[in-house]
Amino acid sequence: MATTQSRTLAKFMLMPSVLLLLGWMIVPLCMTLYFSFLDYNLLIPGEHEFIGFLNYEFFITDPAFTESFFNTLLLVGGVLTITICGGIGLAILLDQAIWGRNYVRIMVLAPFFVMPTVSALVWKNMLMNPVNGLFAHFSSWLGMNPIDFFAQVPLLSIIIIVSWQWLPFAALILLTAIQSLDREQLEAADLDGAGPFSKFFYIVLPHLSRAVTAVILIETIFLLSIFAEILVTTSGGPGYASTNITYLIYTQSLLQFDVGGGSAGGIVAVIIANIVAIFLMRLIGKNLEG
Amino acid sequence: MAITSSHKSKLIYTVLAWTISGLIFFPILWTLLTSFKTEAEAISASPSLFMFDWTLENYRDVLERSPYFTHFWNSVVISIGSSLLGLLIAIPAAWSMAFVQTKRTKNLLMWMLSTKMLPPVGVLIPIYLLFRDFGLLDTKLGLVIVMTLINLPIMVWMLYTYFREIPSEILEASRMDGATIIEEVFHVLLPIALPGIASTLLLNVILAWNEAFWTLILTAANAAPLTAFIASYSSPEGLFYAKLSAASAMAIVPILILGWFSQKQLVRGLSFGAVK
């Protein structure tokens, strides 16, 4: 069907995208790799000596790395758990016959469109502030001591904010998936006397597996690189209590100007993302083929 | 009997759904309401939902005392500019993958998806240094370039899934009539694909508008879009809740409205076509 002429043209048309993405990935990545072996600080002019794996050694043996590594895992894992469980619940609820479903949908979806800096600041100041925040008012009405969210539970506070941002996305994708479920199957299960729980576990959940996989993949890509929410709320503190790997590398490279160390961190982050990606691609490969 | 019981369950589900969605929407509603309060009312220990003296003072203050419009305009240029530039590059690629499939097409698509998985910190330093050396730091052009590149894989994927749905018989028929490939693209394909292209554009404008890693790192006073402008409220102006709310409201309302129009496209675009 396709002539040689159209094949040549097709290649030609693909070229810009492929070259740009290659350039965007390969060139800077090679530079990062190169810098990571140098003793290179922007504040110290002069020769950049080759120091082998010393930057990596410093980065990985730094207690801050261990802490931010586990913070990253907690952040990604926590948000994924909340958004997927909550998303499935919301999707099932919104799939029921209810009055004003369109308005409900619009309200549920809204947080996804709020820019990260706005949502983080609104939560930080107007809701979670220990003196003037709404949560503090609530707890004093109830006669309890207000929680100082960002001092006492900094990472959890960020997990809450980020979950609020991503719950709509999970709910929307899962709702779309649930709506494509074959109703006759559920009716048949009803006739066979299946209860709500067995219907959920044997029909709804398997049907959703593909959509859940998609949500995990997409959210993980974004969640590994959470940055703005940390910058405007805790700046990674207290100590390193709410620093993730992205934020750690940012402080090292652009606040301490340590190009070598920051680059080594960047390469470590790429390796971690790759390990996650291999798992995810396998999962997706399995689910998307079908 | 059956009718009343189904009515009852509909009522219960409705109440439940409205309560939960109300709670989810509440922070946004609260921001919008606070933006019309005075600063004193905004931090009051017994805040009122609707019964307060509505004022537009905060909006006036934000517009007068800060270069709000500069940042708004930066957001507009960066998000729309990068989306249009991205379309220009992504349409040919998606067309060629959708209609001239080869053995490599699938691998190529997966590779494009994998570029999205590259963490930005992996290329942070080189991009920062290159931008510094080429004088692109704190320029709109620099951000347009970065936004185009980070959203390109999503655009190609999204367009690819739309183009795949166009029956190739239509293209074959036009080819039989002696249309050249250029004519085929402009007179046959583009008109049919226009809704898909429009949704791709819309979703990418939203994504670029809200992007908050590169916009915070690569800009200062000149090219900062609204994401970076709002971040400047983190302290100590953040303590002025009413002004923070007014600035926030102006930053999110345009995109909230666009977003509600693009619900369906959001699912398709962000799930890389896996869920439609």
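Residues numbered from 1 in each chain as written. Chains lettered and ligands numbered in written order. Predicted model: local features only at pLDDT ≥ 70, side-chain atom pairs only at ≥ 80, totals over all residues. Heavy atoms only, no water.

Remarks on the interface of chain A and chain B
The interface of chain A with chain B comprises 96 residues on the first partner and 102 residues on the second. Summing both partners gives a buried area of about 8900 Å² for chain A against chain B, and 81% of it is carried by carbon and sulfur. Counting the surface chain A buries against chain B, the share from its top three residues, W24(A), W99(A) and F113(A), is 10%. With 20 residues, the top contributor of residues to the side of chain A that touches chain B is helix α1 (residues 4-35) of chain A. For the side of chain A that touches chain B, the class distribution of residues is 72 nonpolar, 18 polar and 6 charged. (Contact = heavy atoms within 4.5 Å. Buried area = accessible area lost by both parts, 1.4 Å probe. Helix = DSSP H or I, 4+ residues; strand = E, 2+ residues; numbered from the N terminus. Nonpolar A, V, L, I, M, F, W, Y, C, P; charged D, E, K, R; others polar.)

A look at the side chain of R105(A)
Residue position: R105(A) is located in helix α4 (residues 101-109). Here R105(A) is buried and forms no salt bridge, its nearest opposite-charge partner D95(A) lying at an N-O distance of 8.5 Å. In this view, R105(A) contacts L94(A), L172(A), L175(A), Q179(A) and Q263(B); residues no more than four positions away in its chain are not counted. (Buried < 20%, exposed > 50% of the residue type's maximum accessible area, 1.4 Å probe, protein only. Lys, Arg positive; Asp, Glu negative; His and termini not counted. Salt bridge = Lys/Arg side-chain N within 4 Å of Asp/Glu carboxyl O.)

Things to note about the layout of surface pockets
Taken as a whole, the largest pocket spans an internal volume of roughly 600 Å³. Forming the boundary of the largest pocket are 19 residues, of which I92(A), Q96(A), P196(A), K199(A) and V204(A) lie nearest the centre. Residue assignment for the lining of the largest pocket shows that the elements contributing at least two residues are α3 (63-95), α9 (183-191) and α10 (196-223) of chain A together with α1 (2-34) of chain B. Of the residues belonging to the lining of the largest pocket, the class tally is 13 nonpolar, 1 polar and 5 charged. (1 Å grid on protein atoms, 1.4 Å probe; cavity = no way out; pocket = protein on both sides within 12 Å on 5 of 7 lines; lining within 4 Å. Points joined across faces, edges and corners; volume = space filled by probe spheres on them.)

Here's the deal with the nonpolar core
W95(B), F163(B) and W214(B) are the most contacted members of the largest nonpolar core, which totals 185 residues. Examining the composition of this core, we find that 17 residues originate from one element, helix α8 (residues 154-179) of chain A, more than from any other. When residues of this core are sorted by domain, at least three fall in each of domain 1 (2-59) and domain 2 (66-270) of chain B. Apart from the residues lying within four places of it in its own chain, the contact partners of W214(B) are W24(A), P120(B), V123(B), L124(B), I127(B), L143(B), V146(B), M147(B), I150(B) and T219(B). Judged by nonpolar contacts, the second largest core, of 6 residues, contains L38(A), Y40(A), I125(B) and L129(B). (Core = buried A, V, L, I, M, F, W, Y, C linked by side-chain atoms within 4.5 Å. Domains from an automatic or database assignment.)

Some thoughts on the packing of aromatic side chains
With the rule as written, the count across this model stands at 34 aromatic pairs over all chains. An aromatic cluster of at least three residues, connected via ring pairs, comprises W24(A), F227(A), Y247(A), Y250(A), F213(B) and W214(B). (Phe/Tyr/Trp six-rings, centres within 6.5 Å; stacked < 30°, edge-to-face > 60°.)

Some points on the domain arrangement of chain B
Residue and element names in this part refer to chain B. Split into domains, chain B comes out as domain 1 (2-59) and domain 2 (66-270). The C-alpha-based centres of domain 1 and domain 2 are spaced at 33 Å. Both sides together, the interface formed by domain 1 and domain 2 hides about 960 Å², and carbon and sulfur atoms give 79% of it. Seen at the junction of domain 1 and domain 2, the total is 0 salt bridges. Our enumeration of links across domain 1 and domain 2 arrives at 0 residue pairs in polar contact (both at pLDDT 80 or more). Contributing elements (two or more residues each) for the side of domain 1 that touches domain 2: α1, α2 (39-42) and α3 (57-65). Tallied by class, residues from the side of domain 1 that touches domain 2 come to 6 nonpolar, 5 polar and 2 charged. (Polar contact = N/O pair within 3.5 Å; in protein donor to acceptor, adjacent residues only side chain to side chain.)

Remarks on empty space enclosed by the protein
The full count for this structure, using the stated rule, is 8 cavities of 30 Å³ or more. Around the largest cavity, the lining is made up of 40 residues, and of these W166(A), F222(A), K116(B), E211(B) and A212(B) lie nearest the centre. Mapped onto the lining of the largest cavity, the elements with two or more residues apiece are α8, α10, α11 (228-233) and α13 (259-289) of chain A together with α5 (105-116), α7 (140-164) and α9 (181-210) of chain B. It is α7(B) that provides the largest number of residues to the lining of the largest cavity, a total of 5 residues. Looking at the lining of the largest cavity, its residues break down into 31 nonpolar, 6 polar and 3 charged.

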